[in-house]
Structures are given as structure tokens and as C-alpha cells.
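Descriptive structure summary
What follows is each chain in one-letter form.
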Amino acid sequence: MIINNQSIQTPCFLIDKSHIDRNINELRVGFKEEWGSNVFFGYSVKTNSLPWLVSYIGNNGFLAEVVSDQEYRLARRLGFGSSEIVLNGPIKGEEVLIEALESGAIVNIDNSEEIRIIEGNLDHRHREWKVGVRFNFQLEAECPGETIVGDRCGRFGFCVENGEFERAIERLSKLNGVSVIGLHGHSSTRSKSIRVFQSISRKASELVTRYGIALEYFDVGGGFYGDKPGEASYREYAKAISDSFGEHEGIRLIVEPGAGIVASPISYLCEVKNTRDVCGNRFVTVDGSCVHIDPQMHGIVFGKNVYRADKNDVESCGRVDLQEVCGFTCIEMDRMGVIRDEVELKPGDRIEYLNCGSYSMTLAPLFISYFPRVYVKDDSKYQLVRDAWDEGDFMSKCEVFI
Ligand SMILES: *Cc1c(COP(=O)(O)O)cnc(C)c1O
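Described below are features of the structure shown in this document. Please read all numbers here as calculations on a predicted model, not as lab measurements. (Residues numbered from 1 in each chain as written. Predicted model: local features only at pLDDT ≥ 70, side-chain atom pairs only at ≥ 80, totals over all residues. Heavy atoms only, no water.)

1. With respect to the side chain of Thr-189
This is how the line gets drawn: Strands here mean DSSP runs of E at least two residues long; helices mean DSSP runs of H or I at least four residues long; both are numbered from the N terminus. Any pair of N or O atoms that falls within 3.5 Å is considered a polar contact. Within protein, one atom must be able to donate a hydrogen and the other to accept it, and sequence-neighbouring residues count only if both atoms are side-chain atoms. Residue contacts follow a heavy-atom distance rule, with two residues in contact if any of their heavy atoms lie within 4.5 Å.
You can see Thr-189 is positioned in the loop between β8 (178-184) and α8 (194-211). Here the side chain of Thr-189 touches Lys-192 through a polar contact of 2.9 Å, landing on its backbone nitrogen. In contact with Thr-189, other than residues within four places in its own chain, are Leu-139, Glu-146, Thr-147, Ile-148 and Val-196.

Following this line, the structure appears as C-alpha cells:
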């Protein structure tokens, strides 16, 4: 059992490369079949910005979808050309925004400060600046209970209902050498349902007509389930988007998946270090932690595989009704799930948590211990693509005055 091979040091993330390939293929085939060949994919860097992963997905023909100046520079450094970027996000630095416009990146304008920056830099323009505009509408009214914010309104983009969107289009359209050619409708939701994508696509199509936008692309955003059993497939999402948007001859669709590509191919492996009984409870302490796989402590329940340190030892093991797996931190509630009615876990046994790829590595804090290792599985070989951070890495930008 390779995972028990001691050359794989825990705690660590394991990336299954062929599983990423499968997800990418499903995505590509589904959207091409339903929308046509005019589809671009932008990988959401924030979902998991591990450099190996971002490059690998880029090598598969994806653009980098970035939401900060740092992510923009990371993508450039990882080899994305300046036009192979989708620049989104609620704060765009002036320098990055202008560089992206000048080099023909896909730029989706989010707020009026960005319009002000464009107005202030028109003199430095060497080419036509083509922009998309992110629209904000009452998605909750159309999909009750499905959005993350509920009645509190989404905070990104220009509001359609109060006229901000119309004013943004007017203001940008007046500028010489600037044209509005895109609409951006991303919204992360609780449900990730087909209905959400129907509402976003219908709204985009309605705005094109109402404001006479000469649309070249519709960026539907991300927020898909990927290959989660029982949930919508990429093909079903693509069909819903295509049908709801309606006639789209000559219009490019941009899709910005993150979790749907990287959640399922990545697991997290940790090792049992000690066990103890407290009153009627068996606590199993491992060298991993919730801070790595559920950093916001949402209480996510993960699928698990258990690997025995000594497979021959199973008979001599007792069974325990209820064992609670606990992390290496000193947080009382760093508890990584209950294993019921299983053979008794002992030091050296390993537990693999499944579907850990999205918003885990990027959100994990440097708390008590530092970033764990990451290995990529290619056929049956495991290759280290990030070594564990040590105290030297942690201190790399620090000054210590005594
Ligand atoms: C976060 C985000 C995505 C990706 O969302 P997933 O849920 O990871 O698919 C796409 N586009 C934008 C603008 C985002 O902010």
C-alpha cells in the first residue's frame, strides 16, 4: 500500500493528476457540446493557488482567473502570457489594471473607482481597451434560500436594480477608445444549482438587449459542482446556460471553474500519533488538523480511508464503538470526525480525508505548524511539489529587534 510507504511524510496533501485530467475533460466536452467551440476556461486561482497546480491547469489550455494584484503577478510568474489572464476582483491596483488592459487580458470592471482609473489613464492608451462589466442583481429573489448572503445582497459588481449598472455602461461607453464588450455574472451560491446558472444567464441576455451592448463575451463565472455524485454534471450546467442565454452566435462563453476541478482530486493524509481514553471517549490524535482541510471550521464531513500501519495486526485489534479523531493544534474543537464501529486505531495508522482540494491549501493559516507537504500522484509514483514549510520559511520576511 503506497500510501503507507514511509517515503510519503505526513501530514500532506495528495493530488491525483489523472483525476484532474478527467475533471478537465468532462468540463471541456460538456461546454463544447452545449455552447459550441467558442468557450474559454479560466481557472480560479484563489480556489487553490499551489504553483504546481496553477501551472498544470494552465498547460491544459486554461487562462488564469485572478482576483488580486498578487494573484496576477503569480500567474505571470508561472508563465501565463499577459493576455492569458482574466482579471476580476473587488480591488484592482492601477498598475495591474492598466497593464492588463494594454495587453489584451480579459478585464471585468467591478466598481466605479476602476472606471475612474480608466478615465485618468486614457492618455497612456496604445490600443483599444476592451472591458467587461460585472453585474449584480437580486439573485436571492429568483433563487430563494440558495445564495450565501440571503436578503443582505451580494456585494460585487454594479447593481442593476438601482441604476448603477446602467450608469457604469454609459460612463464607459462615452470614453474614446474604450468599449464594453463583456458581461460578468459570477455568484458563489450555497446550492450551486442549475437554477442559479439559468437566472444569471437570463439576466445577462436581458441586459444585452436592454442596454444595447455589443457583446463579445459572456463570463458566467464559477461555482459548479464538478464530479460530485448526484449533482449536476458540466453538460447539464452548460445546457442550462446555453438555453437560458438564448441566441449566442459569435459570442464567446467564459467559464471560471475552481472547486469543480480541484476539490475531488486532492486528499489529505495524516498519521495517528497517540490515543487516550477520557471518561467514555476515545480520542485519537493525529499529525494533521482541521486548520489544513476545514480552516473555517464549518464542520465539513469528509469521506475517509483508513490504512493500518500493520495490516496483519487487524485480528489482534479490538473494536471501539466511537473514536474521535483530533488534530495537532491546541484548539479544543480541532476534531476531524468520528470513526464509528471500526477497528481500533493505533499510532502509525494513517487516515486519508477525501475531497480536500478547494479552499483548503489557500485558506490554511500558519497556525502552530506551517504549510504541510504536497505530493502529486502520477500513475503510481508520488512526487513532492511542495516541501513542508519550516520556521526558516515562516521567518523569511521578519526582523527581530532585541
Ligand atoms: C471564486 C470565484 C470563482 C470560482 O469559484 P468556485 O466555487 O471555486 O468554482 C470564479 N469566479 C470568480 C469571480 C470568483 O470569485
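That shown, we press on.
2. Examining a nonpolar patch on the surface
What counts is decided by this rule: Excluding any residue in a salt bridge, patches collect residues exceeding 30% relative accessible area, merging like charges within 9 Å and nonpolar Val, Leu, Ile, Met, Phe, Trp and Tyr side chains within 5 Å. To measure how exposed things are, a 1.4 Å probe is used in the Shrake-Rupley method; for residues, cover is taken only from the protein chains shown. Any Lys or Arg side-chain nitrogen found within 4 Å of a carboxyl oxygen on Asp or Glu counts as a salt bridge.
A contiguous nonpolar surface patch, about 650 Å² in accessible area, is contributed by Leu-366, Trp-389, Phe-394, Met-395, Val-400 and Ile-402. Inspection of the secondary structure puts Trp-389 in the loop between β18 (381-386) and α12 (391-394).

3. Some points on the pairing of strand β3 (residues 63-66)
Looking down a regular strand, the side chains alternate between one sheet face and the other. We apply this condition: Burial classes: relative accessible area under 20% of the type maximum marks a residue as buried, over 50% as exposed, and values in between as partly exposed (1.4 Å probe, protein chains only). DSSP-based pairing: two strands are paired if at least 2 bridges between them are found. We call a crossover right-handed when, viewed with the strands running away from us, the connection from the first strand over the helix to the second turns clockwise.
Residues Leu-63 and Glu-65 of β3 are buried on one face, and the alternating residues Ala-64 and Val-66, pointing to the opposite face, are buried as well. Two strands pair when backbone bridges link them, and strand β2 (residues 39-44) and β3 are joined in this way by 3 bridges, in the parallel orientation. Its bridge partner being in β3, Tyr-43 is matched across the sheet by Ala-64. Crossover connection from β2 via helix α2 (residues 51-59) to parallel β3: handedness right-handed. Note that β3 and strand β4 (residues 85-87) share 3 bridges and pair parallel. Bridged to Glu-65 within β4 is Val-86. Read from β3 through helix α3 (residues 69-77) to β4, the crossover connection turns out right-handed.

4. Side note on unusual backbone geometry
At the junction of Thr-10 and Pro-11, the peptide bond is cis and its omega measures out at -5° in the coordinates. Relative to the assigned elements, Pro-11 resides in the segment before β1 (12-16). Positive phi, normally seen in glycine, also occurs at Lys-192, with a value near 50°. The backbone of Tyr-359 sits at a positive phi, close to 55°, despite the residue not being glycine.

5. Digging into the site of the ligand
As a reminder of what qualifies: Proximity is defined per residue: any heavy atom of the residue falling within 4 Å of a molecule or strand makes that residue near it.
Around the ligand, the structure places 15 residues, and the nearest of them are Lys-46, Gly-223, Glu-256, Ala-259 and Tyr-359. Lys-46 is positioned with one of its side-chain polar atoms (N or O) 2.6 Å from an oxygen atom of the ligand. A distance of 3.1 Å is found between an oxygen atom of the ligand and a backbone nitrogen or oxygen belonging to Gly-258. Burial of the ligand by the protein chains amounts to 93% of its free accessible area of 390 Å².

6. Topic: the nonpolar core
Definition in use: To define a nonpolar core, start from buried Ala, Val, Leu, Ile, Met, Phe, Trp, Tyr and Cys residues and group those joined through side-chain atoms within 4.5 Å.
Phe-31, Ile-118, Phe-165, Phe-218 and Tyr-353 are the most contacted members of the largest nonpolar core, which has 95 residues in total. With 6 residues, the top contributor of residues to this core is α8. Beyond its immediate sequence surroundings of up to four residues, Phe-165 is in contact with Val-133, Phe-135, Phe-158, Cys-159, Val-160, Leu-183, Leu-207, Tyr-211 and Ile-213.

7. A look at α3
One turn of the α-helix equals 3.6 residues, which is why residues spaced by three or four share an orientation. To keep things clear, this is the line we draw: This arc describes the spread of directions from the helix axis toward the C-beta atoms.
Taken together, the buried positions of α3 are occupied by Asp-69, Glu-71, Tyr-72 and Ala-75. Buried residues along α3 cover an arc of 165° about the axis, so they all sit on one side. With respect to the buried face of α3, the exposed residues turned more than 90 degrees away are Gln-70 and Arg-77. On its buried face, α3 is in contact with β3, β4 and α4 (94-102). Residue Gly-79 follows α3 closely and has a positive phi angle near 105°.

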